[in-house]
Amino acid sequence: MASILASRVVSFPLRLLEEDSAPEADPTAAVLFFGISLVLGIACRHALRGTRVPYTVALLLLGIGLGALEYGTHHKFGKIGDGIRLWANIDPELLLAVFLPALLFESSFLMEVHQIKRCMMQMFLLAVPGVLISTFCLGAALKLAFPYNWSWKTSLLLGGLLSATDPVAVVALLKELGASKKLSTIIEGESLMNDGTAIVVYQLFYRMVLGWDFNWGGLVKFLSQVSLGAVAMGLGFGIASVLWLGFIFNDTVIEISLTLAVSYLAFFTAQEGFEISGVLAVMTLGMFYSAVARTAFKGESQQSLHHFWEMVSYIANTLIFILSGVVIAESVLSSDNIFETHEHSWGYLVLLYVFVQASRVVVVGVLYPFLQYFGYGLDWREAIILIWSGLRGAVALSLSLSVKRSSDNSPYISPDTGDLFVLLTGGIVFLTLIVNGSTTQFILHFLKMDNLSPAKKRILSYTKYEMLKKALEAFGDLGDDEELGPADWPTVKRYITSLNDADGEQIHPHSLSENDNNPDHMNLKDIRVRFLNGVQAAYWVMLDEGRINQTTANLLMRSVDEALDLVSSETLCDWKGLKSYVNIPNHYKFFQSSVVSQKLVTYFTVERLESACYICAAFLRAHRIAREQLHEFIGDSEIAAMVISESEQAGEEARIFLEDVRVTFPQVLRVVKTRQVTYSVLSHLIEYVNNLEKIGLLEEKEMSHLHDAVQTDLKKLLRNPPMVKIPKIKDLISANPLLGALPATAREALAGSTTEIMRLSGTTLYKEGSKPTGIWLLSNGVVKWSTKDTSTKQFLHPTFTHGSTLGLYEVLAEKHYTCDIVANSVVMCFFIETEKILSVLRSDPAVEDFFWRESIIALAKIMLPRVFEKMSMQDLRTLIAERSIMNIYIRGESFELLPQSVGFLLDGFIRKQGGQEEMLTAPAAILPRLDQSFSHSETLGARAGSFYQQVYQVETRARVIILDIAGFEAGKSLQKRTSSLISRSADRHSGSFSREHSGLMNWPQHLLNSSRHDGETSGEQHNNLSARAMQLGVYGSMINLRRRRTRSFLRSSRVKPAHSLSYPRVPSVPTHRPMVSAKSEGSTTLKQKFRVEEYKQVGNAREPDESHARRDESSDDSGGEEEHIVRIDSPSRLSFLQAP
């Protein structure tokens, strides 16, 4: 072992300042120097706390003192001297590799991404054109004004070396001075970027000095590889490490270690492996982490990460500035021959310092118009600080040491030139840190850039009074106890010296003073900033609580950052940055192509809705929390009320979105809430177990066992959360009113040829006048219809929703589509081709009759929107099932259309009897004879005196359906009465009704008799199918009605009772086969809703079998929850806006 250590000692790079007298240094003494440097740093930081002397300047002076002491004792400073010599003679590249990666990563990681984006152009201008301008200015000065007879390449080499504003020195200074975020971002970002640029320029001229030749093509290639390759390298390491972080679960040690390791690996791989800029690679890596991975560290991990990198930065800064001082002292004191050869070197050093400052003035002056235009802009005071904060530090010093080392055995660079490089660079580092670094704070104070604004001063004074109140409350709670008795408040107050100036009268921060004429705008801006900071803090809390995921948190944080830039000119606008993530983006239209699988379309669309729900819910919650905190802190204030009002208005769109989702896709909200609650419950369990261990009720092993078990469950939740699952197509088909009502053989024939399709908002299903290719069955969503017919331009709600069947009439009648159908939301639907419909149609006359009746639902809304637009889909189906008659007439026959009725000609031609009007061609609305006031009535039953009986003559074979509108409306109005009135009216004769209703409720007997053309059995069968469709439209499934019958309020067995949503018990219909009860998970919400309405409307007048039915429904619900299936088959009216 001793021989190994000895060999390492021999191989360790040493530079003896005096070869004759310097003893061989002990390598273990390097640890002693490390410890002494930390102790000196601690003492210096402690002594300078509260003073205006920068910490880094003091460290540099201490380092110079140590180097001078070691040199003055002729290397007889013992172990301490050995350590100083070891660190002073460290390889320059090793110096950069040890300190730069950690410092660069810490600095770039803590920068705010939004401000980087805004200031990126300013940083680029200072880092690229600025460095080039500075390089040529300093190179020209060195060539023309200094008596060293250097070539242009050598002069430009030193000029590029001195153009690097050191990020270590600049960042350390800015942290101490507390400059504004905007100015700090520009200066810090410039120092990071131009440090990499200056190193690239240094490498270029260094190779040229060593004899390398570059043409313009090779020069561009070299600069591109070194710079762009470094950016790509940083992004590559960032993506790989962030993906790895995603697989690490609640392990703070591994997460922090990964950030440290990846920063050094990126620097080494770029610098040594690919010979590109390691500085740019690490800077890119840190900014990528700041943009993407900052929210990956939550709770304790985030605090631990912050403390770790703060400690790394402190240790590295302490060592590097002390070491810089030692190197400067060693270099100056050991270079006696320089002062003998160049006796005016000190004067030229001062002159060079002047040229460095002048070149900085030239750079900022030339670029000032552009710096004013881009980003946040730049005023003249900030430009002065930008000029004066161009510090040089360890990077420039390390590069000069590299030149000196190569000068010892290089024919291109003389040793004298190497010594001059170190002397001049060390002197510039010393002067910029001592002069610029120590006077920057005074310049800030002189330019009044460190003063608080009047609004902030008011808030500060107001906060002190609030602190005094809290102190009094705390004293009231703690000032007396059973064991020790009361405490003395005057003594307590003497120790709270920070509140001594809060004894006067409290002044509200938004009250006007004599000197402030109109501070409202300033106060409004200040309150908006504080409010948005509160919103952002609420987002961090929600991230820790598991209410939002990492991606959503990044979007929400970014929206607040963007809104903070506009508080002076606009109201709260953080919602604007989130709109594009809530609306369906335009590129989703690509999914509508046949190339993409419909399952994939459904997956991405539902995932988009889920993400939008997270964003809207978090936005509303954060704003609510911020409003409560603002009101609690400020109290009643006109300005605070304005900001609160702005917040409420900003959240209106998010609130409407969630309400629409709650109606249309309630399962999505349920899944989102389930995830949040599960995460919260598991987090509370972890906290509970930790508290039990803290109070001593659990031992460490027991706590560890329980903690690991809960952590396993939490990991399972994050890895495999509850998902929004799309039900199988056969379940959706069975719940569809058209397909679910068909006989089993017909339904199976169509189910096999049904195509499930999802359409985004704005997508056209079919156009008016086009040839029908099939029918569309809406399972979810809203579509909007429009037609060229000018008589239907005044409709208010031209939409079709869940359960609608579109295009069926056109397929049956073999006519072109009668209107345009465009998706008005995310629409899930089924498509069945025309050939399949026609083949089923020919197989069963009852199915054909049912299809014709079903086609009336859409046709009625399109042809008579003023009558049917406000009628719900359920009411229309009830009207068709219970108050409609369809008949086929042959040429020469006639039929009557009584008042208060509406008919539709589905096929053929008819003409009004005794009139000269043109023939009516299918499709057409058949109306009774009416006066001009009909066009202004909302329903046909509104004014009985306006309608008269009308007879129509059949010209060719015609299919006609007649709807008893008045009877349906009267039945609904009667069912809205109390249950006692319903029970009494059931025993009365129809003639006992008032004159108002007696004429409306008498359904013509000859029309009822005419409906028997196809036989009694056929009539019962097609009415049975319509009744089944009606039940599916209301409940989403078939229910057993055999034991839940209600008698009609009419005594006639030929008249079916009306149906109303407020009285959901559907009357039974004669049938030859019983209707079986089919379970439907999608009908749970509707069944619960109607169950509540039964309690409200019927009260105690319930059938004996209702409790049994409820037991069946509750078992249905539980079964659905156990399968964790989220159905998307509920009634829909959601309108998702398309992204602009």
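For the structure, check the block above.
Participant: Provide a residue-level description of the nonpolar core, including the pertinent values.
Facilitator: Within the largest apolar cluster, 85 residues are counted, with the highest numbers of intra-cluster contacts made by F800, F851, F868 and F904. With 11 residues, helix α35 (residues 845–863) is the largest single contributor of residues to this core. Residues contacting F851, with those up to four places away along its chain left out, are L738, L742, L750, L808, L812, I837 and L841. Listed in part, the 71 residues of the second largest apolar core include A102, M123, L157 and F205.

Participant: A description of a nonpolar patch on the surface should follow, citing residues and the corresponding values.
Facilitator: Residues V231, L235, I239 and L243 make up a contiguous nonpolar surface patch of about 330 Å² in total accessible area. Mapped onto the fold, L243 is located in helix α11 (residues 216–246). The class for L243 is exposed, based on a relative accessible area of 55%.

Participant: Tell me what's going on with the packing of helix α14 (residues 300–333) against helix α19 (residues 415–446), and back it up with residues and numbers.
Facilitator: Orientation of α14 relative to α19, taken along the N-to-C sense of each, is 135°, at an axis distance of 10 Å. Overall, the two elements α14 and α19 adopt an arrangement that is oblique. In terms of crossing hand, the pair formed by α14 and α19 is left-handed. Contacts between α14 and α19 involve F321, I328, S331 and V332 on the former and, on the latter, V422, L423, G426, V429, F430 and L433.

Participant: Kindly report on the packing of aromatic side chains, identifying the contributing residues and their values.
Facilitator: Tallied over the entire structure, the rule returns 22 aromatic pairs. A ring pair is formed by F105 and W309, whose centres lie 4.9 Å apart and whose planes are at 45°; its orientation type is tilted. Here F105 is found in helix α5 (residues 92–109), whereas its partner W309 is found in helix α14, with 204 residues between them in sequence. Judged by relative accessible area, F105 falls into the buried class, the value being 1%. A relative accessible area of 3% places W309 in the buried class. Residues F146 and Y148 carry aromatic rings whose centres are separated by 5.9 Å and whose planes lie at 40° to one another, so their mutual orientation is tilted. Ring pairing ties together the aromatic residues F146, Y148, W150, Y348, F355 and F421, which thus form one cluster. Over the aromatic face of F109 sits the side chain of R294, whose NZ or CZ is 5.8 Å from the ring centroid.

Participant: Quick one: what's the story with the sheet that holds strand β8 (residues 805–806), residue by residue and with numbers?
Facilitator: Read from one edge of the open sheet, four strands run β3-β10-β5-β8, paired in antiparallel fashion. Every interior strand has two partners, whereas the edge strands, β3 (755–759) and β8, have only one. Examined bridge by bridge, strand β5 (residues 774–780) and strand β10 (residues 827–833) share six bridges and lie antiparallel to one another. Opposite L777, over in β10, you have F830 as the bridge partner.

Participant: Which residues make up the packing of α11 against helix α13 (residues 278–293), and what values do they have?
Facilitator: Running from amino to carboxyl end, α11 crosses α13 at an angle of 40°, the nearest separation of the two axes being 7 Å. By the angle between their directions, the pair α11 and α13 is classed as oblique. Crossing handedness for the pair α11 and α13: right-handed. The residues of α13 that touch α11, namely those facing S227, A230, V231, M233, G234, L235, F237, G238, I239, S241, V242 and L245, are L280, A281, T284, L285, F288, Y289, V292 and A293. When the residues that make up the contact of α11 with α13 are grouped by side-chain class, the tally is 15 nonpolar, five polar and no charged.

Participant: Tell me about unusual backbone geometry, residues and numbers included.
Facilitator: The omega torsion across A922 and P923 is 0°, close enough to zero to call that bond cis. Within the element layout of this structure, P923 appears in the loop between β15 (920–921) and β16 (924–926). Positive phi values are uncommon outside glycine, yet E814 reaches one of about 55°. With respect to the element layout, E814 can be found in the loop between α33 (808–813) and β9 (820–823). Using a relative accessible area of 65% as the deciding quantity, one classes E814 as exposed.

Participant: Please set out the side chain of Q950 residue by residue, giving values where relevant.
Facilitator: Take Q950: it is sitting in strand β19 (residues 950–954). Excluding anything up to four places from it in sequence, Q950 contacts F895, E896, L897, K912, Q913, L927, P928 and R929.

Participant: Could you give me a rundown of the sheet that holds strand β6 (residues 783–786), with the residues and numbers involved?
Facilitator: An order of β4-β9-β6-β7 is seen for the four strands of this open sheet, with the pairing classed as antiparallel. Unpaired on one side and paired on the other, β4 (764–766) and β7 (799–800) mark the two borders of the sheet. With four bridges joining them, β6 and β9 adopt antiparallel strand pairing. In the strand pairing of β9, V783 is matched with A823.

Participant: Residues and numbers for the environment of S290, please.
Facilitator: Counting through the fold element by element, S290 comes out in helix α13. Exposure remark for S290: the relative accessible area of 5% places this residue in the buried category. When the C-alpha positions of S290 and F105 are compared, they lie 9.9 Å apart, and in sequence the two are 185 residues distant. Not counting residues up to four positions away in its chain, the partners in contact with S290 are S108, F109, M111 and V113. Separated by 3.4 Å, the side chain of S290 and the backbone oxygen of F109 make a polar contact.

Participant: How would you explain the environment of Y766 if you had to name every residue and give the values?
Facilitator: Position of Y766 among the secondary structure elements: in strand β4. Remark: the alpha-carbon pair of Y766 and T818, spanning 52 residues in sequence, is separated by 9.8 Å. When residues no more than four places from it in sequence are discounted, the contact partners of Y766 are W776, L806, G807, Y817, C819, D820 and I821.

Participant: Requested: an account of the pattern of salt bridges, with residues and values cited.
Facilitator: Any two side chains of opposite charge can pair if their charged atoms end up close together. In total, this model carries 21 salt bridges according to the counting rule given. Residue R528 is joined to E646 by a salt bridge in which the shortest nitrogen-to-oxygen separation is 2.8 Å. Note that R528 is positioned in helix α22 (residues 520–545) and E646 in helix α26 (residues 638–650), a separation of 118 residues in sequence. As far as the burial class goes, R528 and E646 line up, both buried. In this structure, the salt-bridge partner of R655 is E652, at a minimum N-O distance of 3.0 Å. Here R655 and its partner E652 are both found in helix α27 (residues 652–664), three residues apart, which amounts to about one turn of the helix. Here R655 falls in the partly exposed class, since its relative accessible area comes to 32%. Among the residues examined, E652 registers a relative accessible area of 39% and is labelled partly exposed.

Criteria and cut-off values
Residues numbered from 1 in each chain as written. Predicted model: local features only at pLDDT ≥ 70, side-chain atom pairs only at ≥ 80, totals over all residues. Heavy atoms only, no water. Core = buried A, V, L, I, M, F, W, Y, C linked by side-chain atoms within 4.5 Å. Buried < 20%, exposed > 50% of the residue type's maximum accessible area, 1.4 Å probe, protein only. Helix = DSSP H or I, 4+ residues; strand = E, 2+ residues; numbered from the N terminus. Contact = heavy atoms within 4.5 Å. Patch = residues over 30% accessible without salt bridge, like charges linked within 9 Å, V, L, I, M, F, W, Y side chains within 5 Å. Areas by Shrake-Rupley, 256 points an atom, 1.4 Å probe, with all protein chains shown as cover. Salt bridge = Lys/Arg side-chain N within 4 Å of Asp/Glu carboxyl O. Axes fitted to C-alpha atoms, helices over the stretch in contact; angles between N-to-C directions. Parallel < 35°, antiparallel > 145°, perpendicular 65-115°, else oblique. Left-handed = near helix turned anticlockwise from the far one by under 90°. Phe/Tyr/Trp six-rings, centres within 6.5 Å; stacked < 30°, edge-to-face > 60°. Lys NZ or Arg CZ within 6 Å of the ring centre and 35° of its normal. Pairing = 2+ DSSP bridges. Nonpolar A, V, L, I, M, F, W, Y, C, P; charged D, E, K, R; others polar. Polar contact = N/O pair within 3.5 Å; in protein donor to acceptor, adjacent residues only side chain to side chain.

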